[in-house]
Amino acid sequence: MNNKILEQITLGNCHVKRMVIYRDDAPNPKKIICKEGDRVFDRYFYVTKGTIYIQNKCGEEVVANAGTIVYLPADVEYVSHWDT
């Protein structure tokens, strides 16, 4: 990662040791189930088309349409469905 970018990210209380960015198509219409301990890293999703439905283990649902950035912290249990 470029040092200038790293310096900007580490301003304040945030420190990033490693950031990986990649593009992928959503596995429509498959549901993705994430259990506690499955993901040991934080994730950001930028929804470019369609909608993502994310339901936490308490049954609460978040709906994110195209143009939305979704943050999922490490170790969060959820079920997601991507409607592209």
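Scroll up for the structure.
Below, the structure is looked at part by part. (Residues numbered from 1 in each chain as written. Predicted model: local features only at pLDDT ≥ 70, side-chain atom pairs only at ≥ 80, totals over all residues. Heavy atoms only, no water.)

1. Structural notes on the overall build of the protein chain
Scanning the protein chain from terminus to terminus reveals one helix and six strands. In the protein chain, the order of α-helices and β-strands from amino to carboxyl end is α-β-β-β-β-β-β. A buried classification covers 15% of the 84 residues belonging to the protein chain. Considering only contacts within the protein chain whose residues lie at least 6 apart along the sequence, 59% involve residues at least 24 apart. As presented, the protein chain carries roughly 6,800 Å² of accessible surface, and 50% of it is formed by carbon and sulfur atoms. (Helix = DSSP H or I, 4+ residues; strand = E, 2+ residues; numbered from the N terminus. Buried < 20%, exposed > 50% of the residue type's maximum accessible area, 1.4 Å probe, protein only. Contact = heavy atoms within 4.5 Å. Areas by Shrake-Rupley, 256 points an atom, 1.4 Å probe, with all protein chains shown as cover.)

2. Comments concerning the packing of aromatic side chains
For the structure on display, the rule yields two aromatic pairs. Residues Tyr 44 and Tyr 71 carry aromatic rings whose centres are separated by 4.9 Å and whose planes lie at 40 degrees to one another, so their mutual orientation is tilted. Pair noted here: Tyr 44 is in strand β2 (residues 43-46) and Tyr 71 is in strand β5 (residues 69-72), with a separation of 27 residues, a long-range link. A residue is classified by how much of its surface remains accessible, and Tyr 71, at 39% relative accessible area, is partly exposed. With a centroid separation of 5.4 Å and 70 degrees between ring planes, the pair formed by Phe 45 and Trp 82 is classed as edge-to-face. One end of the pair, Phe 45, is in strand β2; the other, Trp 82, is in strand β6 (residues 78-83), and 37 residues separate them in sequence. Trp 82 sits in the buried class, given a relative accessible area of 13%. (Phe/Tyr/Trp six-rings, centres within 6.5 Å; stacked < 30°, edge-to-face > 60°.)

3. Concerning the nonpolar core
Across soluble globular proteins, you tend to see nonpolar side chains buried next to one another. Grouped together as the largest cluster of nonpolar side chains are nine residues: Cys 34, Val 47, Ile 52, Ile 54, Ala 64, Val 70, Leu 72, Tyr 78 and Trp 82. Looking at this core, the elements with two or more residues in it are β3 (51-56), β5 and β6. Once residues lying within four places of it in the same chain are set aside, the contact partners of Ala 64 are Val 47, Gly 50, Thr 51, Ile 52 and Val 70. (Core = buried A, V, L, I, M, F, W, Y, C linked by side-chain atoms within 4.5 Å.)

4. Looking at a nonpolar patch on the surface
Judged by side-chain polarity, Tyr 44, Tyr 46, Ile 69 and Tyr 71 come together as a nonpolar surface patch covering roughly 520 Å² of accessible area. Taken together, the elements giving at least two residues each to the nonpolar patch come down to β2 and β5. In this structure, Ile 69 sits in strand β5. You can call Ile 69 exposed: its relative accessible area is 59%. (Patch = residues over 30% accessible without salt bridge, like charges linked within 9 Å, V, L, I, M, F, W, Y side chains within 5 Å. Salt bridge = Lys/Arg side-chain N within 4 Å of Asp/Glu carboxyl O.)

5. Observations concerning unusual backbone geometry
A positive phi angle, near 65 degrees, is found at Asp 75, a position not held by glycine. Among the structural elements, Asp 75 can be located in the loop between β5 and β6. The class of Asp 75 is partly exposed, set by a relative accessible area of 38%.

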